[in-house]
Number of protein chains: 2
Amino acid sequence: MAKSATASEAKTATKTGGKTSRTRLDDETAQQQILSAADRLFYERGVQAVGMDAIRDAAGVSLKRLYQLFPSKEHLIEAYLRHRDALWQSMLDEHVDARTDPRERILAVFDFLRDWSSQPDYRGCAFIRTFNELRAASPHIAEMATHHKDGFRAELVELAREAGADAPEQLADQLILLSEGAITRCAMAGSSAPATRAREAAAAILDATLN
Amino acid sequence: MAKSATASEAKTATKTGGKTSRTRLDDETAQQQILSAADRLFYERGVQAVGMDAIRDAAGVSLKRLYQLFPSKEHLIEAYLRHRDALWQSMLDEHVDARTDPRERILAVFDFLRDWSSQPDYRGCAFIRTFNELRAASPHIAEMATHHKDGFRAELVELAREAGADAPEQLADQLILLSEGAITRCAMAGSSAPATRAREAAAAILDATLN
DNA sequence: GTCTTTGGAGAACGTTCGTTCTCCGACGTC
DNA sequence: GACGTCGGAGAACGAACGTTCTCCAAAGAC
């Protein structure tokens with residue numbers, strides 16, 4: 001990671017000749033631009049529908065450089081999912097940690113889903129979609145998706161435990177169903193209303209479950 | 001549909017020459033075999049990952065005949081979704097109509113999901129998956145998927161109304177979240193347990209909602 | 001200045017896919 | 001048997017894709 005930080009630096013645009021040669025970026029910046037472009041395109045259209053050429057164009061780098069930093073499309077998809085996982089974690093934590101009351105912290109999950117699904121470029125869960133696209137072709141990537149869902153479930157179990165649920169795992173499983181349902185239906189309906197319905201249903205379940 | 005029933009009939013296998021020429025099928029049989037093969041492959045791997053050649057091989061017809069009966073892959077995908085819609089309707093109705101008590105009829109939806117997701121070739125909802133794969137490329141097919149979901153919602157609203165719910169649409173929206181969540185999580189987890197959890201959560205919601 | 005290295009731009013390669021075309025054997029009719 | 005028709009098998013075609021290679025301008029070292 002901290003390799004070859006000596007020589008290569010960013011250059012300014014060189015338009016000495018007739019053509020406009022593109023700016024030379026350091027590895028970190030190029031990686032970020034590629035990942036940002038891949039994230040946007042993969043998430044909008046699905047991983048199979050986006051070619052490496054489209055990512056090169058959107059990132060503004062050469063194919064050569066793209067393959068230097070990400071040796072194959074599969075590597076890029078993995079980086080995309082890791083990035084989405086970090087994004088999900090930070091957005092979720094931001095909402096949950098804004099609350100202190102255990103019951104409110106659970107409901108904050110659904111506030112997060114409402115906010116997230118309100119974004120105009122919202123397209124549902126990247127992990128479910130990539131899982132469905134690649135489960136037959138790439139077991140490794142499919143496993144990354146299930147691992148993400150395992151993490152989400154563990155977080156819900158912990159929140160349920162903090163709320164003093166008698167059966168935190170069972171409560172978490174019910175909440176996860178509402179979450180997944182909301183994520184999917186918000187994407188298909190193009191509306192965040194299902195997330196609001198999910199919050200109401202979750203509140204009803206909490207009322208019935210917590211003492 | 002009842003066209004050209006006069007001349008063409010099925011032939012027996014002709015192995016007069018050195019090669020074994022394939023049996024000539026009438027249009028209806030060929031269409032069924034193609035649709036059956038397409039359904040199996042599309043549902044298992046996703047529509048983008050399955051080529052027309054694979055469907056030809058699995059259906060045992062020639063490409064020429066395939067394109068005579070289904071002029072393009074998009075036509076075949078449409079037929080696939082229509083077939084899945086009919087399958088869903090018949091499986092769902094079978095479970096719901098086996099009950100008479102309105103509350104039981106609602107819970108029968110989740111019994112259906114449990115049975116369906118127990119099948120070894122279960123891969124979740126064909127409509128959601130196809131929607132996610134093709135929403136950017138084919139708005140028409142995406143609309144078929146949303147139309148299917150609208151129909152499911154209407155059925156749940158009717159069941160909620162029959163059960164005497166004060167707000168049948170709101171109850172249906174909550175039940176749909178549990179259903180979609182169960183459909184998705186059963187597919188990712190490779191287990192029908194989420195459907196059972198969804199039934200329990202639905203029962204809790206019904207207890208809290210119905211008087 | 002000259003030489004070497006670097007990397008951008010994009011052509012090229014091999015494969016796959018959706019779709020169409022060609023070849024030729026088998027059958028119906030006379 | 002001769003001829004026309006039908007359709008199966010699979011080659012062919014053009015586009016798109018993932019990946020690699022070629023060419024050449026620009027920068028650095030001396």
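Scroll up a little and you will see the structure.
Here the structure is a predicted model, which is why all the values come from computation and not from measurement.

(A) Summary view of the overall build of chain A. Along its length, chain A carries nine helices and zero strands. A burial count over chain A gives 46% of its 211 residues as buried. Pairs at least 24 apart in sequence give 64% of the contacts found in chain A among residues at least 6 apart. Summed over all atoms, the accessible surface of chain A reaches about 10300 Å², with 49% contributed by carbon and sulfur.

(B) Fine view of the relation of the copies chain A and chain B. Rotating chain A by 180 degrees and translating it 0.0 Å along the rotation axis places it on chain B, where the RMSD comes to 0.0 Å. The superposition operator between the copies reduces to a two-fold rotation axis. Nearest to the rotation axis, the C-alpha of A:Gly181 is located 2.0 Å from it, this being the minimum over chain A. Looking at the interface residues of chain A, 100% of them are also at the interface in chain B, so both copies use one shared face.

(C) Quick peek at the pattern of salt bridges. All names here are of chain A. Taken as a whole and judged by the stated rule, the model has 30 salt bridges over all chains. One salt bridge in this structure joins Arg-99 and Glu-104, with 2.9 Å as the shortest N-O distance. On the basis of relative accessible area, Arg-99 is assigned to the partly exposed category, the value being 35%. One salt-bridge network, in which partners are shared between bridges, spans Asp-111, Arg-114, Asp-115 and Arg-199.

(D) Seen up close, the interface of chain A and chain B. Taken together, the contact pairs 33 residues of chain A with 33 residues of chain B. Between chain A and chain B lies a buried interface of about 3100 Å² when both sides are counted; carbon and sulfur atoms form 66% of it. Broken down residue by residue, the surface that chain A buries against chain B is led by A:Leu177, A:Arg185 and A:Met188, which jointly contribute 24%. If you look at where chain A meets chain B, you find two salt bridges. Across the contact surface, chain A and chain B share four residue pairs in polar contact (both at pLDDT 80 or more). Contributions of two or more residues to the side of chain A that touches chain B are made by α6 (126-134), α7 (139-162), α8 (168-189) and α9 (193-209) of chain A. At 13 residues, the largest contribution of residues to the side of chain A that touches chain B is made by α8(A). Taken together, the residues that form the side of chain A that touches chain B break down as 15 nonpolar, seven polar and 11 charged.

(E) Here's a closer look at the packing of helix α4 (residues 73-96) of chain B against helix α6 (residues 126-134) of chain B. All names here are of chain B. Running from amino to carboxyl end, α4 crosses α6 at an angle of 155 degrees, the nearest separation of the two axes being 10 Å. When the interaxial angle is binned, α4 and α6 end up roughly antiparallel. Our pair here, α4 against α6, has a crossing hand that is left-handed. Along its contact with α4, which presents Ile-77, Tyr-80, Leu-81, Arg-84 and Asp-85, the element α6 presents Ala-126, Phe-127, Thr-130 and Leu-134.

(F) A look at the packing of helix α4 (residues 73-96) of chain A against α7(A). Residue and element names in this part refer to chain A. Close contact between α4 and α7 brings their axes to 10 Å; oriented N to C, the two are set at 10 degrees. Comparing their axes, α7 and α4 come out roughly parallel. For the pair α4 and α7, the contacting residues are Glu-74, Ile-77, Glu-78, Leu-81, Arg-82, Asp-85, Trp-88, Gln-89, Leu-92, Asp-93 and Val-96 in the first and His-140, Ile-141, Met-144, His-148, Phe-152, Glu-155 and Leu-159 in the second. Class assignment for the residues of the contact of α4 with α7 results in nine nonpolar, three polar and six charged.

(G) The state of the cysteines, seen in detail. Residue and element names in this part refer to chain A. Scanning all chains against the criterion turns up zero disulfides over all chains. Of all cysteine sulfurs in the structure, the one in Cys-125 sits closest to Cys-186, which takes part in no disulfide; the separation is 12 Å. On the basis of relative accessibility, which here comes to 2%, the residue Cys-186 falls in the buried class.

(H) Local environment of the nonpolar core. Ranked by size, the top nonpolar core spans 143 residues in total, and within it A:Ile55 and B:Ile55 carry the most contacts. For A:Ile55, the contacting residues outside a window of four places in its chain are A:Ile34, A:Ala37, A:Ala38, A:Leu41, A:Phe42, A:Val50, A:Leu66 and A:Leu76.

(I) Expanded view of the packing of aromatic side chains. Residues and elements named next belong to chain A. Applying the stated criterion across every chain yields a total of 12 aromatic pairs over all chains. Look at Trp-88 and Phe-112: their rings are 5.2 Å apart centre to centre, the planes differ by 80 degrees, and that puts the pair in the edge-to-face class. With Trp-88 in helix α4 and Phe-112 in helix α5 (residues 102-118), this residue pair connects regions lying 24 residues apart in the sequence. Arg-129 extends its terminal NZ or CZ atom over the ring of Tyr-43, reaching a point 5.5 Å from the ring centre.

(J) Main features of α8(A). Residue and element names in this part refer to chain A. Across its 22 residues, α8 extends 31 Å between first and last C-alpha, which sits within 8% of the 32 Å expected from 1.5 Å per residue. Counting buried positions over the 22 residues of α8 gives 19, a clear majority of the element. Once α8 finishes, Gly-190 follows within two positions and takes phi at roughly 65 degrees, a positive value.

Each value, and the rule that gives it
- Residues numbered from 1 in each chain as written.
- Chains lettered and ligands numbered in written order.
- Predicted model: local features only at pLDDT ≥ 70, side-chain atom pairs only at ≥ 80, totals over all residues.
- Heavy atoms only, no water.
- Helix = DSSP H or I, 4+ residues; strand = E, 2+ residues; numbered from the N terminus.
- Buried < 20%, exposed > 50% of the residue type's maximum accessible area, 1.4 Å probe, protein only.
- Contact = heavy atoms within 4.5 Å.
- Areas by Shrake-Rupley, 256 points an atom, 1.4 Å probe, with all protein chains shown as cover.
- Least-squares fit on C-alpha atoms with pLDDT ≥ 70 in both.
- Salt bridge = Lys/Arg side-chain N within 4 Å of Asp/Glu carboxyl O.
- Buried area = accessible area lost by both parts, 1.4 Å probe.
- Polar contact = N/O pair within 3.5 Å; in protein donor to acceptor, adjacent residues only side chain to side chain.
- Nonpolar A, V, L, I, M, F, W, Y, C, P; charged D, E, K, R; others polar.
- Axes fitted to C-alpha atoms, helices over the stretch in contact; angles between N-to-C directions.
- Parallel < 35°, antiparallel > 145°, perpendicular 65-115°, else oblique.
- Left-handed = near helix turned anticlockwise from the far one by under 90°.
- Disulfide = S-S within 2.5 Å.
- Core = buried A, V, L, I, M, F, W, Y, C linked by side-chain atoms within 4.5 Å.
- Phe/Tyr/Trp six-rings, centres within 6.5 Å; stacked < 30°, edge-to-face > 60°.
- Lys NZ or Arg CZ within 6 Å of the ring centre and 35° of its normal.
- Expected span 1.5 Å × (residues − 1).

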